[in-house]
Amino acid sequence: MRKAKLDAMASLSRKRSLQLLTLASLLYLLLVGFEFPIVFRRITPPTSTSSSSSLPFPLLSQQDTQPKSAPIRPSVSVSIDAPNRRSRSVISSLDFPSYGHSELHSSARHAFDVGKRLLSELDLEAVDVESRNRTVEEACPDSISLSGEEFRSRGKVIVLPCGLTLGSHLTVVGRPLISEVKKGEEQVLVSQFMMELQGLKTVDGEDPPRVLHFNPRLKGDWSGKPVIEQNTCYRMQWGPAQRCEGWKSRADEETVDGQLKCEKWIRDDVERSEESKTMWWLNRLIGRTKKVTVDWPFPFAEDKLFVLTLSAGLEGYHVNVDGKHVTSFPYRTGFVLEDATGLFLNGDIDVQSIYAGSLPTTHPSFAPQRYLNMSKEWQAPPLHDGPVDLFIGILSAGNHFSERMAVRKSWMWSKAIRSSSVVARFFVALHGRKEVNAELKKEAEFFGDIVIVPFMDSYDLVVLKTIAICEYGIREVSAMYIMKCDDDTFVRVDSVLSEIKKVSLDRSVYVGNMNYYHKPLRNGKWAVTYEEWPEEDYPPYANGPGYIISANIARFVVSDFEKHTLRLFKMEDVSMGMWVEQFNTTTTVDYIHNLKFCQFGCIEDYYTAHYQSPRQMICMWDKLRMGKPHCCNMR
């Protein structure tokens, strides 16, 4: 009887458990049925394939097409297709109207015509990936040898296709010559030559960067004694020179791979001095054994053959002449070994032969993805509805992949930009090489911070990019203030915001490092003809690496451009000064001058710093995060 009662209770318990399990299953199915459509509605991309502007939900990379092990439902506040997210325009809507008959207008019309053709060809899916991969893997010779005659026939340049690498060495056999120059009323004999490692791949309108400048002056310079001077030049700006004048480097001075920066050589003004003679006699009288020293003359002599070897060490370049170490030059932050793609010699020298050995055999510069960190961490934050405080337009060139990546990893991580109260975009024109354009568009669609201006890039047409910045700033972003800078400009965003917030909102402003009464150069490389600029003075203008205008000035610029009445000039910063001056005739503009918008290099407590290499950008950002707005001046 007792057993039967226990069996009945067990049976009842099993039935209740089964009922509870069934009910739980039904609830699970019901929740899943409601949840999945919500998730799918949020994450399923639209089927539209528009190419001129970004999709509401673009596939940013091949990673996004791969199956995910744990799909995560995005929150409404950061969802990429949230209602308050604006579309990210990849191609600028700027079009060049056919007006004007100047040389600049003709160049602009041609550049836009070529740009339209390049855009029509710019279809990422149509790019031959296999041939592009072959280009990336293109092999370079591990050694190059030229006779003096071959070297001269090639413009006194030996091309190093893949640059240099650790252990690479260059050997020059040559003979210094004497030349005669007129100094005042008399003829003066001089003898000096220049050997430079150059970066031959550069932007139109710029001199090639000097990765290493080696300049022996046999007849001396202002010192009156033979000297060797070494330096670097980045974006046409020289760094601090290292001079070797026959004195041995100080004991407390840093070495380069254990080698002295400057070795000692015989100096007539020291070896024959009265002090030296006195010390010699004193040592002889007291019977002190004379220390045997080996003194070498200046390593170069007129009409005497020399063998110079330049080698790349771990910490810097080393120069040996006729088997003896002469000088070492530490690497500067702005360059890496692969940047040195050419060796140039010029001056009073007869080159007999050149040999380059232990060169890298793979080409790094055809692989821009080497510089790009394709991580979503560096993508531009979403735009919010409504106006923003400041829009920053950054001028860049198609092949400046490393410069843009350095900006993304440094000052574009400012709190104001990450919160979208300040918006920054790169403005890039089209490149002559289709592969560069394809990589550029791929970069633009992934990071969402590039606006491609549809014309063929040219140094004289930078002014058109500035107009595109004004157009984007007032129409796409609705910014109260618009700033223009370059991709080698480091911007302290918080300080710039503080500066413009000092001005009343109802005032029109033009902020920067102002130039007053500057006169155009009529001769030389940067010459301006009277047809281009008939006036004797330029209008007041802010230096191009970093300046700010209020939104109403930007609207005036875009409006006059579309009405075909905007005067164009090849110097971009002068053009803006000219437009602001014209606007100032009807609406009062406050010109605010501040030296902290630095034109050349960097100053302490800067607002902007110019000519900063990618490595300097990262260095300055690290210091700024520690609360120290300090420069990183070493290149």
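For the structure itself, look to the data block above.
Residues numbered from 1 in each chain as written. Predicted model: local features only at pLDDT ≥ 70, side-chain atom pairs only at ≥ 80, totals over all residues. Heavy atoms only, no water.

A word on the overall build of the chain
No. 1: Counting its secondary structure elements, the chain contains 14 helices and 26 strands.
No. 2: Considering the chain as a whole, with its 635 residues, one finds that 46% of them fall into the buried category.
No. 3: Contacts in the chain between residues at least 24 apart in sequence constitute 73% of all its contacts with a sequence separation of at least 6.
No. 4: About 33000 Å² of surface is accessible on the chain, with carbon and sulfur atoms providing 55% of the total. (Helix = DSSP H or I, 4+ residues; strand = E, 2+ residues; numbered from the N terminus. Buried < 20%, exposed > 50% of the residue type's maximum accessible area, 1.4 Å probe, protein only. Contact = heavy atoms within 4.5 Å. Areas by Shrake-Rupley, 256 points an atom, 1.4 Å probe, with all protein chains shown as cover.)

Examining unusual backbone geometry
No. 1: Even without a glycine there, the phi angle at lysine 156 is positive, about 65°.
No. 2: With respect to the helices, strands and loops of the structure, lysine 156 is situated in the loop between helix H4 (148-153) and strand S2 (157-159).
No. 3: When its relative accessible area of 31% is taken as the criterion, lysine 156 is described as partly exposed.
No. 4: At tyrosine 517, a position not held by glycine, the phi torsion is positive, near 60°.
No. 5: As for its position among the elements, tyrosine 517 is in the loop between strand S22 (514-515) and strand S23 (541-542).

Structural notes on the environment of alanine 438
No. 1: For alanine 438, the location among the structural elements is in helix H9 (residues 434-447).
No. 2: Judged by relative accessible area, which is 1%, alanine 438 ranks as buried.
No. 3: Considered as a pair, alanine 438 and glycine 398 are 40 residues apart in the sequence and their alpha carbons are 10.0 Å apart.

Some remarks on the pattern of salt bridges
Pairs may arise between side chains of opposite charge once their charged atoms sit close together.
No. 1: One pass over the structure, following the stated rule, counts 29 salt bridges.
No. 2: One salt bridge connects aspartate 590 with arginine 507, and the closest N-O pair in it is separated by 2.9 Å. Placement of aspartate 590 in strand S25 (residues 589-593) and of arginine 507 in the loop between helix H11 (493-500) and strand S21 (508-512) is noted, with a sequence separation of 83 residues between them.
No. 3: Classification of aspartate 590 as partly exposed rests on a relative accessible area of 23%.
No. 4: One network of salt bridges, in which partners are shared, links Arg217, Asp221, Glu229, Arg243 and Glu245. (Salt bridge = Lys/Arg side-chain N within 4 Å of Asp/Glu carboxyl O.)

Describing the packing of helix H7 (residues 401-408) against H9
No. 1: Between H7 and H9, the least distance of the axes is 12 Å, while the angle of their chain directions is 15°. Of the possible angle classes, the one that applies to H7 and H9 is roughly parallel. H9 is crossed by H7, and the crossing has right-handed handedness. Seen from H7, the contacting residues are Phe401, Arg404, Met405 and Arg408; seen from H9, they are Val436, Glu439, Leu440, Glu443 and Phe447. (Axes fitted to C-alpha atoms, helices over the stretch in contact; angles between N-to-C directions. Parallel < 35°, antiparallel > 145°, perpendicular 65-115°, else oblique. Left-handed = near helix turned anticlockwise from the far one by under 90°.)

Concerning the packing of helix H10 (residues 462-475) against helix H12 (residues 551-562)
No. 1: Contact geometry for H10 and H12: axes closest at 9 Å, N-to-C directions at 120°. Comparing the axis directions of H10 and H12 gives the class oblique. Crossing angle aside, the handedness with which H10 passes H12 is left-handed. Counted together, Leu464, Ile467, Cys470, Glu471, Ile474 and Arg475 of H10 and Ala551, Ala554, Arg555, Val557, Val558, Phe561 and Glu562 of H12 form the full contact between these two elements.

Description of the environment of phenylalanine 455
No. 1: Residue position: phenylalanine 455 is located in strand S18 (residues 450-456).
No. 2: Given a relative accessible area of 0%, phenylalanine 455 falls into the buried group.
No. 3: Linking phenylalanine 455 and valine 428, residues 27 residues apart in sequence, is a C-alpha distance of 9.3 Å.
No. 4: The contacts of phenylalanine 455, once residues within four sequence positions are left out, are Ala111, Phe112, Gly115, Ala429, Leu430, Leu461, Leu464 and Lys465.

None of this, on its own, says anything about what the molecule does.
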